[in-house]
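# Observations on the three-dimensional arrangement
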Amino acid sequence: MLYDEGGSGRSILLLHGLMGSAATWRRQVPWLREFGHVHTYDAPGHRRPPPPEPTTEYFVADLLEHLDRLGPSVLIGHSMGALHGWCAAAQRPDLVTGLVVEDIAPDFRGRTADDWATMMRAWPQPFPDADAVLEFFGDVAGQYFLDSFVRSEDGWRLHGEVDFFESISQEWGTRHFWDEWEAVTAPVLLIEGEHTITTAGQMQQMHSDKPGSTHIRIEKAAHLIHDEAPQRYRTAVEEFLRALR
């Protein structure tokens, strides 16, 4: 599902991470409008019905359907959104004019989501109010979830089933996406947090495999770089967008 965020000129599409939503980009949208016509996007199962099979191929096919409507676009992705973005760029290079990859890498084989899913099932849902969400998750992650949780009469809760989100992550532990990465021809900016969720060295290897790409490692940042280090993130993305033809 696309949301027109305004602006003019080249198309820029923002792709959220796992358990996120289009709204998680709301703090970046205002300055990104200076560089083009911005759209945000809810992936299947994120504030919209889940897919029948939560495979990467399904998510990428859905993304490409929306990209066909927008035309050639710069894709700015966080985590899952960045992965789907480069897979889309590999399939349809004519639709991707630039790519920002935030804190995700091609190979999670051998890792599982078991502990992470167990932790999510223990969350005290529903949270009674927004303050309770912020207190439980902290300011940065708490805001991410407030932008994605659904609010009902009894409080705030996850906008989908834990089993669904777990299945997405579990698939990543069974395969790799190096072939798709190697097929990307668009200009690329790689942004990695010092405390990344990826295997050490993988994003540097992505950079090495892609002559002309840019790799930036942001100190003290973890996974939600665009909100943890917003000015450093903004500076990197603005420089990348200015350099694009």
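Now for a look at the structure at hand. Everything numeric in this text was worked out from a predicted model, so none of it was measured.

## Looking at the overall build of the protein chain
A count of helical and extended segments in the protein chain gives eleven helices and nine strands. Here the C-alpha atoms of the protein chain give a radius of gyration of 17 Å, agreeing with the 18 Å that 2.2 N^0.38 yields for 245 residues. Expressed as lengths along the three principal axes of its C-alpha atoms, the size of the protein chain is roughly 50 × 40 × 40 Å. With 245 residues in all, the protein chain has 54% of them scored as buried. In the protein chain, the share of contacts with a sequence separation of at least 24, taken over all contacts with a separation of at least 6, comes to 76%. Taking the average place of the 21 positive charges on the side chains of the protein chain and the average place of its 37 negative ones, the gap between the two points comes to 6 Å.

## Observations regarding the environment of Asp68
Tracing the backbone through its elements, the reader meets Asp68 in helix α2 (residues 56–70). Taking the C-alpha atoms as reference points, Asp68 and Leu95, 27 residues apart in sequence, are found 7.4 Å from one another.

## Comments concerning helix α6 (residues 139–146)
Those residues of α6 not exposed but buried are Gly142, Tyr144, Phe145 and Leu146. Buried residues in α6 make contact with β4 (73–78), α5 (130–137) and β7 (155–157).

## Examining the packing of helix α4 (residues 114–121) against helix α7 (residues 162–172)
One way to put it is that α4 packs onto α7 with a least axis distance of 10 Å and a crossing angle of 165°. When the axis of α4 is compared with that of α7, the two are roughly antiparallel. Taken as a pair, α4 and α7 cross one another with a handedness that is right-handed. Taking contact as the criterion, the partners of Asp114, Trp116, Ala117, Met120 and Arg121 in α4 are, on α7, Val162, Asp163, Phe165, Glu166, Ser169 and Gln170. Of the residues that constitute the contact of α4 with α7, the class distribution is five nonpolar, two polar and four charged.

## Examining the pattern of salt bridges
Summed over all chains, the structure comprises 15 salt bridges. Measuring nitrogen to oxygen at the nearest pair gives 2.9 Å for the salt bridge that ties Asp147 to Arg26. Remark: Arg26 occurs in the loop between β2 (11–15) and α1 (29–32) and Asp147 occurs in the loop between α6 and β6 (150–152); sequence separation between them is 121 residues. For Asp147, a relative accessible area of 7% corresponds to the buried category. Here Arg26 falls in the partly exposed class, since its relative accessible area comes to 45%. Among the salt bridges present, the one from Arg27 reaches Asp227, with a minimum N-O distance of 3.0 Å. Taken together, the residues Arg27 in the loop between β2 and α1 and Asp227 in helix α10 (residues 225–228) connect sequence positions 200 residues apart. A relative accessible area of 29% places Arg27 in the partly exposed class. The class of Asp227 is buried, set by a relative accessible area of 15%.

Conventions used here
Residues numbered from 1 in each chain as written. Predicted model: local features only at pLDDT ≥ 70, side-chain atom pairs only at ≥ 80, totals over all residues. Heavy atoms only, no water. Helix = DSSP H or I, 4+ residues; strand = E, 2+ residues; numbered from the N terminus. Rg over C-alpha atoms; globule rule 2.2 N^0.38 Å. Buried < 20%, exposed > 50% of the residue type's maximum accessible area, 1.4 Å probe, protein only. Contact = heavy atoms within 4.5 Å. Lys, Arg positive; Asp, Glu negative; His and termini not counted. Charge placed at Lys NZ, Arg CZ, Asp CG, Glu CD. Axes fitted to C-alpha atoms, helices over the stretch in contact; angles between N-to-C directions. Parallel < 35°, antiparallel > 145°, perpendicular 65-115°, else oblique. Left-handed = near helix turned anticlockwise from the far one by under 90°. Nonpolar A, V, L, I, M, F, W, Y, C, P; charged D, E, K, R; others polar. Salt bridge = Lys/Arg side-chain N within 4 Å of Asp/Glu carboxyl O.

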